[in-house]
Amino acid sequence: MQILQLPFSPEAITHDGFDIDDKGNWLALTRTAERLHLWSAGKPIGVERGISDAMQIDPALAMVRAMGPQALIVTHRIRRRGDINAWIVSVADGAILRSFSVGDGVNDALILSDFIVISYFDEGIYGDTRPAKEGIAIFDHSGAYLWGYQSEIDDAAMIDDCYAICPAGPNRIQFFSYSDFPLVELDVERRIQTKTAVPKWLHGCGAITSLGLTTFLRGPYPSKRAPQEARNGVFALNRMTGKTRPAGLVPGSFVRGLHNGQMLSISEQRVGVVSFGS
């Protein structure tokens, strides 16, 4: 694991407030009292009163994703339909460039070459906001809603809760959803998908990452083949052969799949990146 040297304690990071782009540059959201602060290139961005003052969001529910010279900040929950809960900001000065709504119950956000992909957990999917009901919603980089997975894709996988999602190419994603748990690779640009069956003992994994023909899944439900002590275990699934193998451990209270076979691990003591080989 590559441990990142940060100018603040990992305890200050919001629940999902850390991201690393494919060049190794990181962004972070930290909270002090009720304020939220964005960090880029190892330095806090000059927002005097904290970004959360302008956004009126709960810092504990905020996530950040890198968008080159910009950053996407999203809150997981909204109070009323149509509430703004996504902001694109400049990483140079923290200025809010665009704001929009992505619906309630946000589970994760991905930045692709041409799209923003939002996934949802069950409170959003079975709530009353349209994008969330899709399970996965696609936006352009300006924040305009384009299409939803359930409405657009033939033979769409059932998504009661999108447990894990990761980028799988410039405009591709993979996701793993409750309750049937197929592994789905979705070409967002062409709007076509490929499903891969996953052994039942791997159901429930909360983080995935993809490299070539291999998908790495972390933390399956406890079972005879994947017991409770393997909850931090990572297993490699070859999508062509269907064969699996142990690939290592990724400890951490919060783990999320990144690009190119990497996983982000955050604990109270450290932030690290684990890289897997195909």
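It should be noted that the structure appears before, not after, this text.
A few points on the structure. Everything numeric here is computed off the predicted structure, so don't read it as measured data. (Residues numbered from 1 in each chain as written. Predicted model: local features only at pLDDT ≥ 70, side-chain atom pairs only at ≥ 80, totals over all residues. Heavy atoms only, no water.)

## Describing the overall build of the protein chain
When helices and strands are tallied, the protein chain shows four helices and 24 strands. At 18 Å, the protein chain has a C-alpha radius of gyration in line with the 19 Å of a compact globule built from 278 residues. Across its three principal directions, the C-alpha atoms of the protein chain cover 55 × 40 × 30 Å. Burial status across the protein chain gives 55% buried among its 278 residues. Sequence separation of at least 24 residues holds for 45% of the intrachain contacts in the protein chain that already meet a minimum separation of 6. Here the protein chain displays about 12,500 Å² of accessible surface, and carbon together with sulfur accounts for 48% of that area. (Helix = DSSP H or I, 4+ residues; strand = E, 2+ residues; numbered from the N terminus. Rg over C-alpha atoms; globule rule 2.2 N^0.38 Å. Buried < 20%, exposed > 50% of the residue type's maximum accessible area, 1.4 Å probe, protein only. Contact = heavy atoms within 4.5 Å. Areas by Shrake-Rupley, 256 points an atom, 1.4 Å probe, with all protein chains shown as cover.)

## With respect to the pattern of salt bridges
Under the defined criterion, the tally for this structure stands at 11 salt bridges. Across the pair Asp-16 and Arg-65 runs a salt bridge whose closest N-O atoms are separated by 2.7 Å. Of this pair, Asp-16 sits in strand β2 (residues 13-20) while Arg-65 sits in strand β6 (residues 62-67), and the two are 49 residues apart along the sequence. Residue Asp-16 is classed as buried on the basis of its relative accessible area, which comes to 2%. Arg-77 is the partner of Asp-104 in a salt bridge, and the nearest nitrogen-oxygen pair spans 2.8 Å. (Salt bridge = Lys/Arg side-chain N within 4 Å of Asp/Glu carboxyl O.)

## Regarding the environment of Leu-112
Inspection of the secondary structure assignment puts Leu-112 in the loop between β10 (106-111) and β11 (116-120). Expressed as a C-alpha distance, the spacing of Leu-112 and Ala-12, which sit 100 residues apart in the sequence, is 27 Å. For Leu-112, the contacting residues outside a window of four places in its chain are Val-117, His-141, Pro-167, Gly-169, Pro-170, Asn-171, Arg-172, Ile-173 and Val-188.

## Side note on the pairing of β6
Within β6, six of the six residues are buried, leaving the element largely enclosed by the surrounding structure. Burial of the side chains of β6 extends over both faces: Ala-62, Val-64 and Ala-66 are buried on one face and Met-63, Arg-65 and Met-67 on the other. Turn length for the β6-strand β7 (residues 70-75) hairpin, with the two strands adjacent in sequence and antiparallel, is two residues, and the turn residue Gly-68 shows positive phi of about 65°. (Pairing = 2+ DSSP bridges.)

## Topic: the sheet that holds strand β16 (residues 183-187)
Pairing is antiparallel in the open sheet, where four strands are placed in the order β14-β15-β16-β17. The open sheet has two free edges, formed respectively by β14 (161-169) and β17 (192-196), since each of these has just one partner strand. With strand direction ignored, the average angle separating the axes of adjacent strands in the sheet is 25°. Note: strand β15 (residues 172-178) against β16, five bridges, orientation antiparallel. Of the residues in β16, the one forming a bridge with Gln-174 is Glu-185. (Axes fitted to C-alpha atoms, helices over the stretch in contact; angles between N-to-C directions.)

## Quick notes on the packing of aromatic side chains
Tallied over the full model, the rule gives 12 aromatic pairs. Relative to Trp-26, the ring of Phe-8 has its centre 5.9 Å away and its plane inclined at 80°; by these criteria the two rings are edge-to-face. Here Phe-8 is found in the loop between β1 (2-3) and β2, whereas its partner Trp-26 is found in strand β3 (residues 26-32), with 18 residues between them in sequence. An angle of 90° between the planes, with centres 5.0 Å apart, marks the rings of Trp-201 and Phe-235 as edge-to-face. Placement of the pair is Trp-201 in the loop between β17 and β18 (207-211) and Phe-235 in strand β20 (residues 233-238), with a sequence separation of 34 residues. (Phe/Tyr/Trp six-rings, centres within 6.5 Å; stacked < 30°, edge-to-face > 60°.)

## Thoughts on the nonpolar core
A general trend in soluble globular proteins is that nonpolar side chains are found buried together. In this structure, Ile-136 and Ile-173 are the most contacted members of the largest nonpolar core, which totals 35 residues. In this structure, Phe-8, Trp-26, Ile-266 and Val-271 belong to the second largest nonpolar core, which totals 15 residues. (Core = buried A, V, L, I, M, F, W, Y, C linked by side-chain atoms within 4.5 Å.)

## Topic: the sheet that holds β10
With antiparallel pairing, the four strands of this open sheet are ordered in space as β10-β11-β12-β13. Bordering the open sheet on either side are β10 and β13 (145-148), each of which pairs with just one other strand. Pairs of neighbouring strands in the sheet enclose a mean axial angle of 20°, with direction left out of account. Pairing analysis gives three bridges linking strand β12 (residues 136-139) to β13, with the strands arranged antiparallel. Looking at the pairing, Ile-138 lines up with Trp-147 of β13.

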